[in-house]
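Here is what each chain is made of, one letter per residue.
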Amino acid sequence: MGKKPKGESSTSSLHNSMLQDAFGSDFVTKPVLCSYKRSFNGFVVELTDEEARKMSGMNGVVSVFPNEKRNLHTTRSWDFMGFSQQVGRAASESDVIIGVLDTGIWPESESFNDKGLGPPPSKWKGICQTANNFTCNNKIIGAQYYRSDGLFGSDEIRSPRDTNGHGSHTASTAAGGFVNGANLFGLGSGTARGGVPSARIAVYKICWSDGCYDADILAAFDDAIADGVDIISLSVGTRTPRDYFNDSIAIGAFHAMRNGVLTVNSAGNEGPNRATITNFSPWSLSVAASTIDRKFFTKVKLGNNIIYEGVSINTFDLKNEMYPVIHGGSAPNTTGNFTWASSRFCRQNSLDPKLVKGKIVLCDAFVNGREPFLAGAIGAVMQDQEPKDSAFSFPLPASYLELVDGSNIFRYINSTSNPTATIFKSNEGNDTMAPYVASFSSRGPNPITPDILKPDLSAPGVDILAAWSLVSPVSQIKGDDRFVPFNIISGTSMSCPHVSAAAAYVKSFHPTWSPAAIKSALMTTASPMSSGINLDAEFAYGSGHVNPVKAVNPGLIYDSAEVDYIKFLCGQGYGTQFLQLVTRDNTTCSEATNGTVWDLNYPSFAVFTSASQTVSRVFNRTVTNVGSPMSVYRAKVTAPTGTLKIRVNPSVLSFTSVGQKLSFALTTEGTTDKSIVSASLEWADGLHKVRSPIIVFISIS
């Protein structure tokens, strides 16, 4: 996936020529399904494994990889971040365009009303595919959909229209307008808004009912870059890490960076285990999901008047009416050859409808509620030992309880001949420990380059209220008849657009800043988070919790350009010939240009070592003054006492002009037998505090 060739009249002809070179006359049976030709060079074609291996060895080929499926990583949050409605705005905010690569958008949502917005910025070069009653406006200035294999499900709408809800949710979180009185059946009531309500949205529908495919992701990147977007927001990822140039998202983000566009990615929802992050390229920004100070609780009352409190987003009101309650293990679907061993967990098709209809079912596992719902149950109570730091909607009244409470309910069921219960509508509570990173949020370290700290930042991603598709039910389970304009969901998919908006906010004040400069501003001004709550420390939250207000005036930035990433890639073992295919220029790797991972001008510091092994690592960094012309910054290192020593040279940086660059070296020396040691470097001039995390760790998993 190299840079777009210069001076070539037809990229499609080039692709066909490559196929002819590879397969001779047989190439006519290999039609090109999709060509990338606006921003970079590549194509999609059906090949066998052997044919793919043959093509990967051809001159001019960067990489050949299968068209794999990616998964979606699925309002009080802005106020919780200290980003109020009254925050200062740049006049150019309406010139900023956020490209959202997702499930599409519901254009009639009030969040996408274009009242007060003028025509799109003159830089906009995109289109609006108006198929099937879809229209754009001055908020949604462009929209396209992608399906390279041409295979659509029976329920799919062949247009940029969102039939899932996820894309509308992420787009409105980033750049939705003000909507007073937004709520989900009374829950989460307030003013819904995006972080940059005057910014424009460009929609690229890459995800369908069966997932999001690499070929379509790359096609959307190709268009978004050429269309003129400023920020790309992508809440999608795989479950397993891929090398940078075998990963469609990393490839797309690299070419976006080359064209001055920052890509913001969700970290993934495979936590809390280590090294589960799957979006981690150093030229993109990876976002973890953290909590806000609002939680949803759902109480369950038994016939003996004892009340237990669990978590869920339950909009149903049983009006305090008591219903029979049964344990799933007592209602196996024996005609389907299921036993109590399956039905106790309420697994698919395991419950007997004749035994559970009109009753509340106790399930011994956290499930999505589909099986009790389809079996005719009136409600479900689940018990499990999984974390309960985020709430979910179910297609029927439901609550998720601790094991001890579930065991008490089980004993109650077996203690009486007529056990009954009811489930109350959810109520809101205050979470005084917030923000902390959600258990589902994927953790670092970076599985490909451990010495690049990932994730980069954390942002709100738990119980977020935002716009929704009117054809997707609240629980996203077929048969649920609740269709709403706003929904409450959780995921790193929700945290990603918060940072996309923060990046757009910084861009509106500093339109000439590079992607790396914007990223640095967000990272070095992030609010520190507590390793006492998040035991994975920086592997959970990176530099900390995003703070958009401070990011506009960071004082210093760690800037990087394409050449710096090329040096990094040289140091990672990518050769001259390979990189020239990517860049389409005379890029070379040599001793002079090979850069170590520790010399990439990254706003954080990470050292991967072995237990009790003496480490001596030097990081070379350059900071650019974007604050006061005459300023003196002093270094402050905060680190635990022990056998590791960290020093900075020089420890004072004196600037005489804006834009001036000064360099320093940070050295870590010593040994450790701890899984992770957390420290930090802060440059301060009395007005700005430019903070970077420092970690030394001995284990990836």
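Reading guide: rules and limits
- Residues numbered from 1 in each chain as written.
- Predicted model: local features only at pLDDT ≥ 70, side-chain atom pairs only at ≥ 80, totals over all residues.
- Heavy atoms only, no water.
- Helix = DSSP H or I, 4+ residues; strand = E, 2+ residues; numbered from the N terminus.
- Buried < 20%, exposed > 50% of the residue type's maximum accessible area, 1.4 Å probe, protein only.
- Areas by Shrake-Rupley, 256 points an atom, 1.4 Å probe, with all protein chains shown as cover.
- Phe/Tyr/Trp six-rings, centres within 6.5 Å; stacked < 30°, edge-to-face > 60°.
- Lys NZ or Arg CZ within 6 Å of the ring centre and 35° of its normal.
- Disulfide = S-S within 2.5 Å.
- 1 Å grid on protein atoms, 1.4 Å probe; cavity = no way out; pocket = protein on both sides within 12 Å on 5 of 7 lines; lining within 4 Å.
- Points joined across faces, edges and corners; volume = space filled by probe spheres on them.
- Nonpolar A, V, L, I, M, F, W, Y, C, P; charged D, E, K, R; others polar.

Novice: Looking at this model, I keep getting lost on the overall build of the protein chain. Mind explaining?
Specialist: Of regular secondary structure, the protein chain possesses 16 helices and 35 strands. Oriented by its inertia axes, the alpha-carbon framework of the protein chain measures out at about 80 × 70 × 55 Å. Across the 701 residues that make up the protein chain, the buried fraction comes to 59%. Entry remark: accessible area of the protein chain is about 26200 Å², with carbon and sulfur atoms responsible for 49%.

Novice: Even after reading the chapter, I still don't get the packing of aromatic side chains, so can you show me in this structure?
Specialist: What the rule picks out here adds up to 24 aromatic pairs. Between Phe366 and Tyr400, the aromatic rings sit 4.5 Å apart at their centres with planes inclined by 40°, giving tilted as the arrangement. Pair noted here: Phe366 is in the loop between strand E19 (360-363) and helix H9 (370-374) and Tyr400 is in strand E21 (residues 398-401), with a separation of 34 residues, a long-range link. Counting every residue linked through ring pairs, the aromatic cluster contains Tyr244, Phe245, Phe254, Phe280, Trp283, Tyr565, Phe568, Tyr574 and Phe578. The ring centre of Tyr400 lies 4.2 Å from the NZ or CZ of Lys388, which sits over that ring. The ring of Trp598 is capped by Arg617, whose NZ or CZ atom sits 3.7 Å from the centre of that ring.

Novice: Can you help me understand the state of the cysteines in this one?
Specialist: One covalent bond between the sulfur atoms of two cysteine residues makes up a disulfide. Counted by the stated rule, this structure contains four disulfides. Sulfur-sulfur distance for the disulfide between Cys570 and Cys589 comes to 2.0 Å. Its torsion about the S-S bond being -75°, the disulfide of Cys570 and Cys589 is classed as left-handed. Note that Cys570 is positioned in helix H15 (residues 562-571) and Cys589 in the loop between helix H16 (576-583) and strand E28 (605-608), a separation of 19 residues in sequence. Under the relative-accessibility criterion, Cys570 is labelled buried at 5%. Taken N- to C-terminal, the disulfide-bonded cysteines of the protein chain are connected 1-2, 3-4, 5-6, 7-8. No disulfide involves Cys496; its nearest neighbouring cysteine sulfur is the one of Cys207, lying 12 Å away. According to the relative accessible area criterion, Cys496 is buried, its value standing at 0%.

Novice: Honestly, empty space enclosed by the protein in this entry has me stumped. Any pointers?
Specialist: Rolled over the atoms, a probe with the dimensions of a water molecule shows which regions are left empty. Quantified by volume, the largest cavity comes out at close to 60 Å³. Of the residues forming the lining of the largest cavity, the biggest block, three residues, is contributed by helix H12 (residues 515-524). Its residues placed into classes, the lining of the largest cavity shows seven nonpolar, three polar and one charged.

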